[in-house]
Every structure is written in structure tokens, then in C-alpha cells.
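# Examination of the molecular architecture
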Amino acid sequence: MAFDYAKLRGKIRERYKTEGAFAKALGMGKVAFSQRVNNQTDFTPKEIIRSCDLLGINRKNIAEYFFKEKVQKDEQKEAVR
């Protein structure tokens, strides 16, 4: 299952300007962070909590930022019909 991290990326740009700057604040390399937001590797629970703390995301909103399912183009077409 792939997740849509668009909202997370928007919050990162708002607070840190670049994903690289955020990755550094998170204590992670740019490549490792990129793998997570590109659905190649999962975020750990600790990384999610730390990300929320750094970005000012209320923990009750974690699902909006980390667990929103990515809708495939075929699924979007089906929904329109």
C-alpha cells in the first residue's frame, strides 16, 4: 500500500523550506527521508512522533499526514464514472 505524503511535504516546506533541512533536523539523511516519502521504506513510529514534534502536527492528526492512502489514476477514473 502506498501513502500520499503531499500534506506532510507541504508542512515541511512551510516550516523548513526544504526536505533536506527537515531530514537533518529529524536526524536522518536526505536519501533515507526521500525513501520514506516515496514509499520505498516505511516511517518508524519514533520518526512519525519526532516529525510531528518538529512540524507542530497534533498527534491526533497523524493519519492525515502519514497514513492517507495514495489513489491510483485508474481508481480516480473509476470514481468519476
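It should be noted that the structure appears before, not after, this text.
Keep in mind it's a predicted model, so treat the numbers as computed, not measured.

## Digging into the overall build of the chain
- From N to C terminus, the chain includes 6 helices and 0 strands.
- Put simply, the chain runs from its N terminus to its C terminus through helices and strands in the order α-α-α-α-α-α.
- By the burial criterion, 28% of the 81 residues in the chain qualify as buried.
- Partitioning the intrachain contacts of the chain with sequence separation of at least 6 by distance along the chain shows that 59% fall at a separation of at least 24.

## Re unusual backbone geometry
- In this model, lysine 17 sits at a positive phi of 75°, which is unusual for a non-glycine residue.
- The residue lysine 17 is located in the loop between helix 1 (6-16) and helix 2 (19-26) in this model.
- Even without being a glycine, asparagine 39 presents a positive backbone phi close to 60°.

## Digging into helix 2
- Taken together, the buried positions of helix 2 are occupied by Phe22, Ala23 and Leu26. Seen along its axis, helix 2 keeps its buried residues to an arc of 100°; they face one direction.
- Where helix 2 is buried, its residues touch helix 1, helix 3 (30-37) and helix 4 (45-55).
- A positive backbone phi angle near 85° is found at glycine 27, which sits one or two residues after helix 2.

## Remarks on the packing of helix 1 against helix 2
- Packing of helix 1 against helix 2 brings their axes to within 9 Å, and their N-to-C directions diverge by 85°. Classified by the angle their axes make, helix 1 and helix 2 are roughly perpendicular. Residues Arg9, Ile12 and Tyr16 of helix 1 touch helix 2, and the partners they reach there are Glu19, Ala21, Phe22 and Ala25.
- Of the residues in the contact of helix 1 with helix 2, the class split is 5 nonpolar, no polar and 2 charged.

## Concerning the side chain of lysine 11
- Here lysine 11 lies in helix 1.
- The contacts of lysine 11, once residues within four sequence positions are left out, are Leu55, Ile57 and Tyr65.

## What about the packing of aromatic side chains?
- In total, this model carries 7 aromatic pairs according to the counting rule given.
- An angle of 85° between the planes, with centres 5.2 Å apart, marks the rings of phenylalanine 43 and phenylalanine 66 as edge-to-face. Here phenylalanine 43, found in the loop between helix 3 and helix 4, pairs with phenylalanine 66, found in helix 5 (residues 62-66); they are 23 residues apart in sequence, far enough to count as distant. Comparing phenylalanine 43 with phenylalanine 66 shows no difference in burial state: the two are buried.
- In textbook terms, an aromatic cluster arises when at least three aromatic residues are bridged by ring pairs, as seen for Phe3, Tyr5, Tyr16, Phe22, Phe33, Phe43, Phe66 and Phe67.
- Its end group placed over the ring of tyrosine 65, lysine 7 keeps NZ or CZ at 5.0 Å from the ring centre.

Calculation rules
Residues numbered from 1 in each chain as written. Predicted model: local features only at pLDDT ≥ 70, side-chain atom pairs only at ≥ 80, totals over all residues. Heavy atoms only, no water. Helix = DSSP H or I, 4+ residues; strand = E, 2+ residues; numbered from the N terminus. Buried < 20%, exposed > 50% of the residue type's maximum accessible area, 1.4 Å probe, protein only. Contact = heavy atoms within 4.5 Å. Arc of directions from axis to C-beta. Axes fitted to C-alpha atoms, helices over the stretch in contact; angles between N-to-C directions. Parallel < 35°, antiparallel > 145°, perpendicular 65-115°, else oblique. Nonpolar A, V, L, I, M, F, W, Y, C, P; charged D, E, K, R; others polar. Phe/Tyr/Trp six-rings, centres within 6.5 Å; stacked < 30°, edge-to-face > 60°. Lys NZ or Arg CZ within 6 Å of the ring centre and 35° of its normal.

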